[in-house]
Amino acid sequence: SGKLRAQRAKGCEIVISGKLRAQRAKAMKFREGYMIRTGYPTVQHVDKAIRHVKLRQGVLGVKVMIMLPYSLENPNVRVEPDRISVHPPKEDLSVPTMASTSK
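Structural notes, computed from the coordinates. Since this is a predicted model, take the numbers as computed values, not measurements.

**Comments concerning the side chain of His45**
- As for its position among the elements, His45 is in helix H2 (residues 40-45).
- Within the structure, His45 has its side chain in polar contact with the backbone oxygen of Tyr70 (distance 3.4 Å).

Structure representation (structure tokens):
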């Protein structure tokens with residue numbers, strides 16, 4: 001968590017799959033922080049890596065996904081499509097009422 005925040009990543013996920021301690025294969029997931037999982041923003045903001053580790057019992061797969069605070073396509077752009085910012089309301093302009101418009 002501390003190193004993740006020090007590198008300014010929004011979140012990460014690590015998945016280890018294969019024969020872990022037993023004959024039957026399992027998958028273990030470790031997650032931290034905020035992660036977009038679907039859509040085109042995943043292509044823009046999530047960096048992925050997959051490696052295979054060959055052991056005596058079999059092969060382990062390691063997947064690492066890191067959500068970066070910027071777009072991979074354009075590092076200068078720091079726009080997140082699902083973040084919404086609410087602006088304060090504008091000053092209320094006096095709206096004429098029916099009483100003031102009648103003659």
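**Structural notes on the sheet that holds strand S1 (residues 11-19)**
- The strand order across the open sheet built from 4 strands is S2-S1-S4-S3, with neighbouring strands paired in antiparallel fashion. Lying at the two open borders of the sheet, with one neighbouring strand each, are strand S2 (25-33) and strand S3 (46-54). Here the strands of the sheet are splayed against their neighbours by 10° on average, with no regard to which way each runs.
- In this sheet, strand S4 (residues 59-67) lies alongside S3 in antiparallel orientation, the contact comprising 9 bridges.

**Section: unusual backbone geometry**
- Phi is positive for Arg21, close to 70°, though the residue is something other than glycine.
- Position of Arg21 relative to the elements: it lies in the loop between S1 and S2.
- Residue class for Arg21 comes out exposed when judged on its relative accessible area of 86%.

Criteria and cut-off values
- Residues numbered from 1 in each chain as written.
- Predicted model: local features only at pLDDT ≥ 70, side-chain atom pairs only at ≥ 80, totals over all residues.
- Heavy atoms only, no water.
- Helix = DSSP H or I, 4+ residues; strand = E, 2+ residues; numbered from the N terminus.
- Polar contact = N/O pair within 3.5 Å; in protein donor to acceptor, adjacent residues only side chain to side chain.
- Pairing = 2+ DSSP bridges.
- Axes fitted to C-alpha atoms, helices over the stretch in contact; angles between N-to-C directions.
- Buried < 20%, exposed > 50% of the residue type's maximum accessible area, 1.4 Å probe, protein only.

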